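Descriptive structure summary
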Amino acid sequence: FTLFLREAGVTLKQVGSSNEIVDQVVFQKRIQKLLQKSPRYPGIVQEFITGLEAHIEDPVTFRNCLLPCVPQMSDGDSSVSSFQESLLRMLLGIEMLQTCIINTLLEKLPEFMLDTGEGGLSIPRIIINQLKWLDRIVDSKELAAKLMELVSVAPLEVQRDIITSLPEILEDSQHSDIASQLSLLKENTQLTVPILDALSSLNLSSSLLTEIRGAVMATLAAVQLEDLPVVVKFILHSVSASDAYEVVCNLRKKLELEQCVLPPVLQASQSRMKSKGAAGSSQDSIALILDAIKSAVRFQKTISEAWLKAIESVDEADDHKVIDLLVLFILHSTNANQCRRGAERLLKVKVRTGLIQEALLQRTFRDYSQVMRGYFPSILALAQCLLRSPDPCVVPFGGHMYRQTFSAFDSYCQQEVVGSLVTHVCSGLGGEVDMALVLLCGLVTEKPSEMAMYTVFVKGILDYMDNLTPQQIRQLFQLLSRLAFGQQQQGSHIQDDMHIVIRKQLSSTVPKYKRIGIIGAVQIIGSMGALPKVNDSTNGSLPQEMFRQVTALLELVKSSSENSPEATALYYDELASLILTSTLDPQVQQEMIGKTVLDDFQDDFVVDMGPEITSFPFPACVMYNLDEEESQGSIAVNLLPLLAKDIQNKAEQHSQTKKAHRVSPLCLSPFFRLLRMCEEKQHQGDLEEIDALLCPLILIDMDIVEKTESLSKPEREFLCTLLFHTINWFREVINAFCKQTEIEMKMKVITRLQNITYLQTLLEKALATPGYVPPLANFDGNGTDGVVLGSIAPVNKAKKSEKEKVKEIQQGVSLVSYRQFFRELDMEVLNVLQCGLLSRSLLDTELHTKGREEALLGPAELVFLLEDMLRKLDFSLTAAPAKKAPFLKGRINKSVGFSHLQQRSSIDVASCCVQLLPALCSHLENCHNNFQTLLSENNGVVDGPATDLQAHLLMSSTYQLLLQVLNTTFSSGFSQPGHRSLLKKGLGVLAGRLKEGGAELTLEQLHSFEYLLNFRSTVPSLSTALSLSQLVSTVSERGGNPTAYREQTSLAKHFLSQNWVTASGEKERGNKFNEALHTLLIYLEHVDDILKAVEEIAGEGIPELLNASKDESSASWPTLNCVNMSVQAQSEKLLTWNLAVRDFHILVNLVKVFDSRPVLNVCLKYGRLFLESFLKLGMPLLDYSFKRHKEDVQSLLKTFQLSTRQLHHLCGHSKDTSLTNHVPAIKKSLELFVYRVKAMLTLNNCQEAFWMGNLKNRNLKLQGEEILSQKAQESDDDDD
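Because the structure is predicted, anything quoted here is derived from the model rather than measured. (Residues numbered from 1 in each chain as written. Predicted model: local features only at pLDDT ≥ 70, side-chain atom pairs only at ≥ 80, totals over all residues. Heavy atoms only, no water.)

1. A few points about the sheet that holds strand β1 (residues 10-11)
Counted only if it meets this: Strands are treated as partners if at least two bridges between them are detected by DSSP. Elements are defined by DSSP. Helices are runs of H or I of four residues or more, strands are runs of E of two residues or more, and each kind is numbered from the N terminus.
Strands sit in the order β1-β2-β3 across an open sheet of three strands; the sheet is mixed. The open sheet has two free edges, formed respectively by β1 and β3 (70-71), since each of these has just one partner strand. Bridge analysis of strand β2 (residues 20-21) against β3 gives two bridges, and the strand direction is parallel. Pairing of I21 across the sheet is with P71, part of β3.

2. Notes on the packing of aromatic side chains
Going by this rule: Think of it this way: a Phe, Tyr or Trp ring, Trp meaning its six-membered ring, pairs with another when their centres are within 6.5 Å, and the plane angle makes it stacked under 30 degrees, edge-to-face over 60, tilted otherwise. Counting as a charge over the ring demands two things of the Lys NZ or Arg CZ atom: a distance within 6 Å of the ring centre and an angle within 35 degrees of the ring normal.
The final tally for this structure, using the stated rule, is 28 aromatic pairs. A ring pair is formed by F406 and Y454, whose centres lie 6.3 Å apart and whose planes are at 80°; its orientation type is edge-to-face. With F406 in helix α22 (residues 395-408) and Y454 in the loop between α25 (448-452) and α26 (455-459), the pair connects residues that are 48 residues apart, well separated along the chain. Grouping aromatic residues by their ring pairs yields a cluster made of Y571, Y572, F601, F605, F671, F672 and W729. Across from the ring centre of Y245, 4.9 Å away, lies the NZ or CZ of K309, which sits over that ring.

3. Points about the packing of helix α50 (residues 1134-1149) against helix α51 (residues 1157-1185)
Filter applied, for reference: Here an angle of 0 to 180 degrees is reported between the N-to-C directions of two axes, which are lines fitted to C-alpha atoms, with helices fitted over the stretch in contact. Roughly parallel refers to an angle under 35 degrees, roughly antiparallel to one over 145, roughly perpendicular to one between 65 and 115, and oblique to any angle outside these ranges. If you view the pair so one helix is near and one far, a crossing is left-handed when the near helix is turned anticlockwise from the far one by less than a right angle, and right-handed when it is turned clockwise. By the convention used here, residues are in contact when the closest approach between their heavy atoms is within 4.5 Å. Think of it as three bins: nonpolar holds Ala, Val, Leu, Ile, Met, Phe, Trp, Tyr, Cys and Pro, charged holds Asp, Glu, Lys and Arg, and polar takes everything else, Gly as well.
Following both chains from N to C, one finds α50 and α51 inclined at 155°, their axes separated by 11 Å at the closest point. Regarding the angle of α50 to α51, the classification is roughly antiparallel. Seen from above, α50 lies across α51 with left-handed handedness. Residue-level inspection shows L1134, W1137, A1140, V1141, F1144 and V1148 of α50 in contact with α51, the latter providing C1163, G1167, F1170, S1173, F1174, L1177, G1178, L1181, L1182 and S1185. Of the residues contributing to the contact of α50 with α51, the split by class is twelve nonpolar, four polar and no charged.

4. Overview of the confidence of the model for the chain
The following threshold applies: Along the chain, pLDDT gives the predictor's confidence residue by residue, from 0 to 100.
When the pLDDT values of the chain are averaged, the result is 77; 78% of them are 70 or greater. Low pLDDT (under 50) marks residues 784-813, which in the prediction has 41 contacts with non-local residues, meaning those over four places away or in another chain. In this model, residues 1107-1132 is a region of pLDDT below 50 whose contacts with residues beyond four sequence positions or in other chains number 51 contacts.

5. Regarding unusual backbone geometry
Backbone phi values are negative for most residues with the exception of glycine, while trans is the configuration of most peptide bonds. Notably, W133 is not glycine yet its phi reads approximately 55°, a positive angle. With respect to the secondary-structure elements, W133 resides in the loop between α7 (123-131) and α8 (140-153).

6. Things to note about helix α23 (residues 411-426)
To be explicit about the condition: Residue count minus one, scaled by 1.5 Å, sets the expected span of a helix. Working definition: with a 1.4 Å probe on protein chains only, accessible area under 20% of the residue-type maximum means buried, over 50% means exposed, and in between means partly exposed.
For α23, which comprises 16 residues, the first-to-last C-alpha distance of 22 Å matches the rise-based estimate of 22 Å (1.5 Å per residue) to within 8%. Every buried residue of α23 is accounted for by C413, Q414, V417, V418, S420, L421, V422, H424 and V425. Against α21 (376-387), α22, α24 (430-446), α25 and α26 lie the buried residues of α23. Positioned one or two residues after α23, G428 has a phi angle of 75°, which is positive.

7. Some details on the side chain of R716
If you trace the backbone, R716 turns up in helix α35 (residues 713-737). A residue is classified by how much of its surface remains accessible, and R716, at 17% relative accessible area, is buried. Ignoring any residue separated from it by four or fewer positions in sequence, one finds R716 in contact with T708, E709, L711, A768 and T769.

8. What about the pairing of strand β7 (residues 697-700)?
Residues of β7 alternate between two faces, with L697 and L699 on one and I698 and I700 on the opposite face, all of them buried. Pairing of strand β5 (residues 620-623) with β7, which is carried by four bridges, proceeds in the antiparallel orientation. Paired with C621 across the bridge in β7 is L699.

Shown next as structure tokens:
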């Protein structure tokens, strides 16, 4: 043996040094030659092996043979590589020796199994390494069997070594057998990792892989956390395109990351015990799991798509897991196969539908903040994307993402978050700015010390104030002043900057900047003068120095706004809001603000009633006294004298420069609001001190309004201004006293409401003054910017009939555009709705006696309050999508007149509505009963002789407003995911009106819409009917009653077949009527067989119509056209198409009779849609039905051809732009139809049946005479 080796070029050395070798290739060749040429061959092989065994008997020499050899260095020969294989490894390369040596090695292996491997060398591992990567294995099967035998007896370490080496030892042919044997070993969880490692490296058939994957998936729940990453990697690694979705869904279900993390309580105690123990390692494992998912997603498109699909398919909020959010972040961050947009889209959809909620986000950040830190750029990008979204439902979620990121991550991330929010604020886009400011305010409140580090960023927004609305400026200064002047004063380094900015703005002569200065100064006063927390140094009161600063700032604002009544009024309004929303230090509030306010108000606006003063354009008189008996020694508000003096001063101002202290009537209402707030704060809501201000006013005799024609322009304007001031004073009085509970107070408030509704009718008459601009009432907006005044409109309408005049006054047409010149009513005023309704019957029977003992609302006051409520709900609840302002267009500020409402959250407003629901329902029932009695008195006729037009109009609008208010409440008020309990409460109120005990039912069992269906019989007009249908639809949708659509359908049908007549006996008509009809017809979509319904209308209704006179209902048909065209395209059977084409023909032919423009427009628009649907859905059907149903197809095409010809004539007839717009598209479709029919005939081998000719131009009349003056150009088809 030794001899052979020496001859072949290997020198065996003794202990302590490696064997030497000439060159391994030469060596292997020599040994092979020596063995084969030996006369004792093949016995010599066995002798050689015995020699080898004897040589390696000694462990040390054995170890030597396993280690690499050293090349023999001959003098000056350095060409031989420095690394050579071990002796045994080289011998294994000789095929005739291989099997024997392998056996020898594997028999030697058990001797060293328990050998710990001194000097870092584990002999078993080295032995196994000898077998790896051999050029050729003679008996692979035998080797596999022996290795598996060894695995079954070896200790754990050796088992692991053998298993992980299997793919590198065995040939491909053995892979599947080994895989089957390995998968049986998986019960031993300690071997999971090496087995899966080996399996993922084996070359297996897909069926076997699927089987093994299934087995692995089944044991997923039992796997140790630290082994999970390998398992997940194996599962995702072995996926084929076809089963990716299924595998990912299963994996998503089985991966319970929530259970991998200790509850926060335990986590805290763990981390105390060992600073970075279990908590850290679990986070590391989760990070590795996510990395495994990440690499799978990055390199396999099918897997990224499968994850998106799997997350999309979850349709219950509770079924969403933390892994869903984490995977979305992974997909977003890798952007493999452009899945970033997919992740963004999916997150938006999930948030919009309320399936991924804030709680899940919170949980994810709480338990996995360490892991998520790696995905910070993605989280920030997604938050930005959600906050910028035009969809108001997803914006708050973006906000939650920002908030959680700020709380969970380090200071670098916090800085990025603040920077990103500041960018949002400076973008100037409405919804984005609002949300970003709210978030910044929230962060300042929750984490003042962290936010103080980033004060400089936030201060940067001051340069971008031009684009902000007053409410946004308010929030900006609120958060800056909290940082700079708050209790802890962390941001005190910007105090001087703030003072500089405020002084600069206050001293500006530009009203806009002065306004910003006042708003900012008042917010700073709020932060500086806030009631301090009680601690040793301050004893809960303001330090003297701070008190001095507040006083100085108050004086500064007062003096800089003295010369402008608008600025003063704004200052009063801002102060009032501040007192309402924050708790100021008592000495600031009472000494600085309260006392001076009361005295100044009395001096400026209140006079004792004495001898009359008559130096005005009109004779003065004291009006609107609520206490008849106390006429002596009482007080009055001197509105008329002030206004006259104000106008006089304005005239004198030009001639003299010296200014005395002027009192402007503009400040009356704001000043009173401030006074009321101070009183409320001081006396805990009791207004006894100031209830004398329900006093009369010094005005003029209002009969003068009847004679407006004879007045000069200045006199008219004076009169209008006086009316505006009076109405605004009354509105502010109602704001103040509406919360008082005594019955006498309530009646006074209702009287003031009546005064307002009466004065508004006077104002409408008086406003016929071209070019008149009313006095401002809301001072934080841009005055009259972007306002279109409808002041001239009422002038020409004086010639109208008495009826229409009543109508006009009633609907308040002209006051709509003047809305912002009225003071805003507070949300609390709506509580007046809880009073009963003063009905006709009550007046007739009790002769006012009973009516005066309890506070009752009249119909006009009810309409007034409901209109206001509807406006508030529209503004507060229905968030319009954030649109970018059009280029160079002045933006009309929608929030003018809602300053106070803006400061309340939408959930606040929604809960107010739910409290008012019982009152609204009672009013609705009153309207219903009122119309029912009317109908029964008039024997079921709406326009009976006893109908009082005005009352009827008021009641109709009340009815409709109530339905609209309810609809807005239910459709928009509970759209946010957290409002579910409120929604249930609201629906419970409706259901409870029918039967008691709805509290314990679930949302789905509350059939609230049944209550609403009772009102169908008394609906007074089609628009009210539409409101009722929409409300029923909303309520059934919100309550999750999908079965209710049948009720909706029958309701719509009931309304469509009713004859609508106004109270004056005329038929309803006009654009609004048509729109309402159209919308109602949409409800027919729920009919089981849409064509049948159309057939009914087209077959029965139209012949009746043709016999009637032309004027009767021609305008109502376009809407029918619209519906059946747009909905028909859904059926596919031939018979259905036959019906559809027949209906289409009837409807198109109607044009011959009713050729008004709306009908033609609809015919062209929906005719094309029908034609396109026919080409897309009907023609493929004809292709295949032609052979079997030749006659049916032919007759269908003939009927259809008649319609297409009529459409062609229509195109020629269209002369004005609204019609010609449709012509090119319809011509294209007609041409397509011709060629499509040709293609169908060719497909069925009948092309000779087709011929084409020129079509003559004909007019639209019944006979369709030819138009001779034109050459025909368009061709259509004819086929037999």
